[in-house]
Amino acid sequence: MLTPYSCYKARSEITAFTLRNDDTVAFSTAIHGAKIFSHQECSVVKNLSIEFLGQNTTAVCFSPDADLLAFANDKIIYIINTQNKLLLQKIRTYEGTIEIMQFVPNSKYLITGTKDGRVMQYRYDGRSGLSRLCSFGETKKAQETY
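Heads up: these notes are all about the structure in this document. Because the structure is a prediction, the values reported are computed rather than measured. (Residues numbered from 1 in each chain as written. Predicted model: local features only at pLDDT ≥ 70, side-chain atom pairs only at ≥ 80, totals over all residues. Heavy atoms only, no water.)

1. So, the environment of Leu48
(1) Moving on: Here Leu48 is to be found in strand 4 (residues 43-48).
(2) Moving on: Taking relative accessible area as the criterion, Leu48 reaches 0% and is therefore assigned buried.
(3) Moving on: Ignoring anything within four residues of it in the chain, the contact list for Leu48 reads Gly33, Ala34, Lys35, Ile36, Thr82 and Lys85. (Helix = DSSP H or I, 4+ residues; strand = E, 2+ residues; numbered from the N terminus. Buried < 20%, exposed > 50% of the residue type's maximum accessible area, 1.4 Å probe, protein only. Contact = heavy atoms within 4.5 Å.)

Okay, here's the thing in structure tokens:
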């Protein structure tokens, strides 16, 4: 049975989260960095105050096990080890502002989507893009007619 918990309130918008194997939750917020939270103990287990993660961040995601945190500030991707807060990789991109990203489970790949409609694949243990998976043209909103 699911039980609602009200022991923690994020101070800014939650931008990404994942449930870890040890029943803790890893999440990031728009202004206050990332945290690993234990709902059983009702406390923050780890506070991940990371340089460059904050109000200029355009996309955030955790690896499936939450051992890695990826975030983008416009066209730069940062890969962080959540255990020791070390910067593992910094990847400069040239395909547009990154708006969404996701780790591919059981692989070394990171998929990103840009504001310009490009979907890119990166190896997060390397510094360059592998390939453009697809591109979407500019979408126009249909005019409403009554």
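2. Let's talk about the sheet that holds strand 2 (residues 24-29)
Paired through backbone hydrogen bonds, the strands of a sheet run either parallel or antiparallel to each other.
(1) Moving on: Strand order in the open sheet made by the four strands is 1-2-3-4, with antiparallel pairing throughout. Lying at the two open borders of the sheet, with one neighbouring strand each, are strand 1 (14-19) and strand 4. In this sheet, neighbouring strand axes are inclined to one another by 20° on average, regardless of whether the strands run parallel or antiparallel.
(2) Moving on: Pairing analysis gives five bridges linking strand 3 (residues 34-38) to strand 4, with the strands arranged antiparallel. Paired with Lys35 across the bridge in strand 4 is Asn47. (Pairing = 2+ DSSP bridges. Axes fitted to C-alpha atoms, helices over the stretch in contact; angles between N-to-C directions.)

3. Considerations on the pairing of strand 7 (residues 76-81)
(1) Moving on: Burial analysis of strand 7 places six of its six residues in the buried class, the great majority of the element.
(2) Moving on: The alternating pattern of strand 7 places Ile76, Tyr78 and Ile80 on one face and Ile77, Ile79 and Asn81 on the opposite face, and all of these are buried.
(3) Moving on: Pairing of strand 6 (residues 68-73) with strand 7 involves six bridges; the strand directions are antiparallel. Residue pairing in the sheet places Phe71 in a bridge with Tyr78 of strand 7.
(4) Moving on: Between strand 6 and strand 7, which follow one another and run antiparallel, lie two residues, and Asp74 among them has a positive phi close to 65°.
(5) Moving on: Across five bridges, the pairing between strand 7 and strand 8 (residues 87-92) is antiparallel. By the bridge assignment for strand 8, Ile77 is matched with Ile91.

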